[in-house]
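What follows is the residue order along each chain.
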Protein chains: 2
Amino acid sequence: MTELTKILLDETEMPTQWYNIVADLPVPPPPPLHPGTHQPATAEDFGALFPQALIEQEMSQERYIDIPGDVLDVYRLWRPSPLFRAHRLEKLLDTPAKIYYKYEGVSPAGSHKPNTAVPQVWYNAQEGILKLTTETGAGQWGSSLAFACAQFGLECEIWQVAASYKAKPHRRTMMEVWGGKVYPSPSNETEFGRSLLAQDSDHPGSLGIAISEAVSKAIENPGTRYALGSVLNHVLLHQTIIGEEALLQMAKVGAVPDVLVGCTGGGSNFGGLAFPFLREKLKGNMDPVIRCVEPTACPTLTKGQFRYDFGDTAGLTPLMKMHTLGASFIPEPIHAGGLRYHGMAPLVSHVYDLGLVDAIAIPQTECFAAALQFARSEGIVPAPEPTHALAAAIREALACKESGEEKTILTALCGHGHLDLASYDKYMAGEMVDLDLPDNVIQAAMEGVPNIA
Amino acid sequence: MTELTKILLDETEMPTQWYNIVADLPVPPPPPLHPGTHQPATAEDFGALFPQALIEQEMSQERYIDIPGDVLDVYRLWRPSPLFRAHRLEKLLDTPAKIYYKYEGVSPAGSHKPNTAVPQVWYNAQEGILKLTTETGAGQWGSSLAFACAQFGLECEIWQVAASYKAKPHRRTMMEVWGGKVYPSPSNETEFGRSLLAQDSDHPGSLGIAISEAVSKAIENPGTRYALGSVLNHVLLHQTIIGEEALLQMAKVGAVPDVLVGCTGGGSNFGGLAFPFLREKLKGNMDPVIRCVEPTACPTLTKGQFRYDFGDTAGLTPLMKMHTLGASFIPEPIHAGGLRYHGMAPLVSHVYDLGLVDAIAIPQTECFAAALQFARSEGIVPAPEPTHALAAAIREALACKESGEEKTILTALCGHGHLDLASYDKYMAGEMVDLDLPDNVIQAAMEGVPNIA
């Protein structure tokens, strides 16, 4: 073994600031717009949803923002997270490439999501908020927020898409272990939910409906706010601790990435790893190819348009300029639930539009094939979302085998798959298929997007 | 924060030898006996089951045994494992005690089991063995062996108790992800299995039946051996890396345990953590109380007898002198499946008999209450087995609150509960009960134990 398998940082070496890429972009990102006036949204427009400190971060131009000490103390439960050199995968692939992966599955919830759940809850607590509401699909985000609320003594109410609530009871149990209250959505708790249940008492729900329920409860109840797990600037900001740690870890072994790949759903995992490396690229300190990997079933960057759209299906949120397939687009029920979002973080969309990062789409069966190769060599069973990044890393490593290049590849393993084993079962049984996404489906969804110059 | 949350070792600091407590015991442990002759079993008696190197370890008097380099390389995927200072649990309990926990859930399979699965597979591979068979209940051990077999290219066949195979499909999927072949037991693969299925095509199976099937397949097929995940000396030997690391980690922060508690099922997790500390105690370097914690539903040490008994229900194994409730004892279906074994590792039984360690039994509802306190403060959702150790640690910490003593408590968090969330669901729904274990049930099972002086 010529090099360590795990490159660790002690908690005394943990970064103490988040990085805000807005400060370093050659062109400022387009602002969010008020849905009624189409004028740039103000802090007040967000005031019923988020605490003041998070709204300030959402709009901040500061390059670095200090991580509060209380947040660092909770981060220490699992951070700094390990960076692995994938010696055993490299051997399996017989590649001259060096593969590194930053592993976020060591968090209590098993993914990168607690990196933002913890500060979001803390800032709310500082402003006297007593309860947070949110939505969740498969449950990664909901469980992370429940964990964070348990840390700071806030109540947590979660609307989980009814189909997931029924099909995947274990994530719900995990939320309850941390003290969260989980409702299947649509629920009897909101007027909107009741109206849908009146039409169909067995309504399967959707993320858009769940967002509407969570948002309406936050708006209606004093002392209650709403929390979102991806897409927004402050969420990506909190996730940059991933990339800041990875920079330190790569430096420890003298490695510089030639290629960086991350999966993109809402964009927070990708932005978290990639933005600190993009800063170094913009400064001329390194020149990696930085690549988004999305599912062919929800190809936001590779087939969507860069224009103003709503963040939710019901059209309650401010308008954001982002790569979108249309807020009414309903992706196929692929197993990477975290990647089934019609839009893409405005900041990721913007750097893609500027040509600073590129993007590819990979079908899920190739991703699960990559996941089995990874699990049998590196041990960890990945969540379905990062299998997209692993598949892209393996494509690069096999290209290196062909060309003889000794490229350094860095990827984000943003979570484990302990609660996603049913999808592995389906793949191994040969029951997983890759569905075509006809262009006219996207065109139809795009027709509902407002026309804003 | 006055002290680190995670006390880490770099992989260059990882111990390179296992510790064999047999070398340091004031009285040698009684030998296993041949089931027919009742004479001490020879290496040949084990030859059809295990490779030569493991039989040598089973009988070794050497104090330290080198860990092979290939095994260390796989250990590096997750070892050294972190030692945590439970700052947040201490605060929740408002105790002056200092609580440390050694966390083994960072392994690919999520528990301490790969610590022995990896060397067992490697030694078999060295002797040209191509396939291993084993049994598993809930699936922790089966998944660990499948993972290890994937690392060294061996086939792995696992007989999983049929009731678990049907009720908990996710562990089976995990075994298959690592390439394992899983049969529900009783199965059509063995004569014994077929005979049971002929009587009852819906037979729920038992661990004893699954052992018989796995053992018979190993004996019948050339190039095939059997692997056991606990109880035996060589298994406890491999687990001592846990305690060796913990000693180094405690020393890093100048901490010495006053109390060490670990849960005991077959005894390998407990022995792994405790034996290196027991060595230090025997040498006079420290004087911790060392305590086994078992479930009241399967009180091997606290209510069983110390005498020769079979390791399996069918009576195929050598006779081992151990604390036993009788090989025909069937514990209640408590949620800590890994603690439902009628016997106790001969080495743990022996040190208990010598008065070097003590033992208590705790009912499962107290354990799950402790687990919720732990999850909501420390984040990690524990497996049902180590909740027993956590409950005992919390009892100690609360006693310190009462007395004002600042004791240092060390415990083993031997696995996470990501695949055991159904038991949390049952506990939180108020459906978990603590059943009385009448003395006459134990007496009845003890009647079947052979009378050996």
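Residue numbers here run from 1 along each chain, matching the order of that chain's written sequence. In the order they appear in the text, chains get letters beginning with A and ligands get numbers beginning with 1. Per-residue local features of the predicted model are confined to residues with pLDDT of at least 70, and side-chain atom pairs are confined, for both listing and counting, to 80 or more; whole-chain, interface and lining totals are unaffected and use all residues. As a rule here, side-chain values come from all non-hydrogen atoms in the structure, and water together with hydrogens is ignored.

**Q** For this particular structure, what's the right way to read unusual backbone geometry?
**A** Excluding glycine, a negative phi dihedral is what most residues carry, and trans is how most peptide bonds are arranged. Across the junction of serine 185 of chain A and proline 186 of chain A, the peptide omega takes the value 10°, indicating a cis bond. Each neighbour pair has its own omega, and for arginine 79 of chain B with proline 80 of chain B the value is -10°, a cis peptide bond. With respect to the secondary-structure elements, proline 80 of chain B resides in the loop between helix 3 (69-75) and strand 4 (83-85). Unlike most non-glycine residues, aspartate 94 of chain A shows phi in positive territory, near 55°. Among the secondary structure elements, aspartate 94 of chain A is positioned in the loop between helix 4 (87-93) and strand 5 (98-103). Of note in this structure, valine 231 of chain B is not a glycine but carries a positive phi near 70°. Positionally, valine 231 of chain B belongs in the loop between strand 9 (224-226) and helix 11 (233-252). Here a helix means four or more residues in a row that DSSP labels H or I, a strand means two or more in a row labelled E, and each is numbered from the N terminus.

**Q** What am I meant to see in the relation of the copies chain A and chain B here?
**A** The operation relating the pair of chain copies consists of a rotation about an axis and a translation along that axis. When chain A is fitted to chain B, the residual RMSD is 0.0 Å, and the transformation amounts to a turn of 180° plus an axial shift of 0.0 Å. Such a combination of turn and shift is consistent with a two-fold rotation axis. When each C-alpha of chain A is compared by its distance to the rotation axis, histidine 418 of chain A comes out closest, at 3.2 Å. Throughout, a contact is declared for two residues whenever any of their heavy atoms are within 4.5 Å. Mapped onto chain B, 100% of the interface residues of chain A again fall at the interface, so both copies present the same surface. When the copies are overlaid, the least-squares fit takes in C-alpha atoms only where the residue has pLDDT of at least 70 in both copies.

**Q** Please clarify how the domain arrangement of chain A should be interpreted in this entry.
**A** One frequent convention defines the size of an interface as the accessible area lost when the parts assemble. Residue and element names in this part refer to chain A. Note: domain ranges come from an automatic or database domain assignment. What the domain assignment reports for chain A is domain 1 (6-14 + 69-110 + 234-446) and domain 2 (24-65 + 112-231). Its C-alpha centre places domain 1 at a distance of 22 Å from the equivalent point of domain 2. Listed as interface residues are 48 residues of domain 1 and, on the opposing side, 47 residues of domain 2. Once two parts are brought into contact, the accessible area they lose, counted with a 1.4 Å probe and summed over both, makes up the buried area. Both faces considered, domain 1 and domain 2 share a buried interface measuring about 4,100 Å² in area, 68% of it formed by carbon and sulfur atoms. When residues of domain 1 are sorted by the area they lose upon contact with domain 2, Ala109, His234 and Leu419 head the list and together hold 16% of the total. By convention in these notes, a salt bridge is any Lys or Arg side-chain nitrogen within 4 Å of a carboxyl oxygen on Asp or Glu. On inspection of domain 1 and its partner domain 2, the count reaches 0 salt bridges. The term polar contact refers here to a pair of N or O atoms within 3.5 Å; inside protein, the definition further demands a hydrogen-donor-capable atom paired with an acceptor-capable atom, and it admits residues adjacent in sequence only when both atoms are side-chain atoms. Across the contact surface, domain 1 and domain 2 share 17 residue pairs in polar contact (both at pLDDT 80 or more).

**Q** Hey, could you run me through the sheet that holds strand 1 (residues 6-7) of chain A in this one?
**A** Paired through their backbone hydrogen bonds, the strands of a sheet run either parallel or antiparallel. Residues and elements named next belong to chain A. Any two strands are treated as partners once DSSP identifies two or more bridges connecting them. Strand order in the open sheet formed by 7 strands is 1-4-5-15-10-11-14, and the pairing between neighbours is mixed. Looking at the sheet topology across the chains shown, the edges are occupied by strand 1 and strand 14 (358-362). For strand 4 (residues 83-85) and strand 5, the ladder comprises 3 bridges, and the chain directions are antiparallel. Bridged to leucine 83 within strand 5 is lysine 102. Note on method: axes are straight lines fitted to C-alpha atoms, helices fitted across the in-contact stretch only, with angles between N-to-C directions ranging 0 to 180 degrees. Against the sheet, helix 16 (residues 384-403) contacts strand 5, strand 10 (259-263), strand 11 (289-295), strand 14 and strand 15 (408-413), and its axis sits at roughly 170° relative to strand 15.

**Q** Mind showing me how you'd approach the pairing of strand 5 (residues 98-103) of chain B here?
**A** Looking down a regular strand, the side chains alternate between one sheet face and the other. Residue and element names in this part refer to chain B. Any residue under 20% of the maximum accessible area for its type is buried, any over 50% is exposed, and the rest in between are partly exposed; the area is computed with a 1.4 Å probe on protein chains only. Across the 6 residues that make up strand 5, a large majority, 5, are buried. Pairing analysis gives 6 bridges linking strand 5 to strand 15 (residues 408-413), with the strands arranged parallel. Looking across to strand 15, one finds that tyrosine 101 is bridged to threonine 411.

**Q** Explain the packing of aromatic side chains here, please?
**A** Between two aromatic rings, the relevant description is the distance of the centres plus the angle of the planes. Ring pairs shown here join Phe, Tyr and Trp side chains whose ring centres sit within 6.5 Å, with only the six-membered ring taken for Trp; geometry is labelled stacked below 30 degrees between planes, edge-to-face above 60, and tilted in between. For the coordinates displayed, the defined rule picks out 26 aromatic pairs over all chains. Ring plane angle 70° and centroid distance 6.0 Å describe the contact between tryptophan 78 of chain B and phenylalanine 147 of chain B, whose orientation is recorded as edge-to-face. Placement of the pair is tryptophan 78 of chain B in the loop between helix 3 and strand 4 and phenylalanine 147 of chain B in helix 6 (residues 140-152), with a sequence separation of 69 residues. Phenylalanine 147 of chain B shares its class with tryptophan 78 of chain B; the two are buried. Taken together, the ring pairs connect Tyr75, Trp78, Phe147 and Trp178 of chain A into an aromatic cluster. The ring centre of tyrosine 19 of chain B lies 4.5 Å from the NZ or CZ of arginine 279 of chain B, which sits over that ring. In this scheme, the term charge over a ring applies when either NZ of a lysine or CZ of an arginine sits within 6 Å of the ring centre and within 35 degrees of the ring normal.

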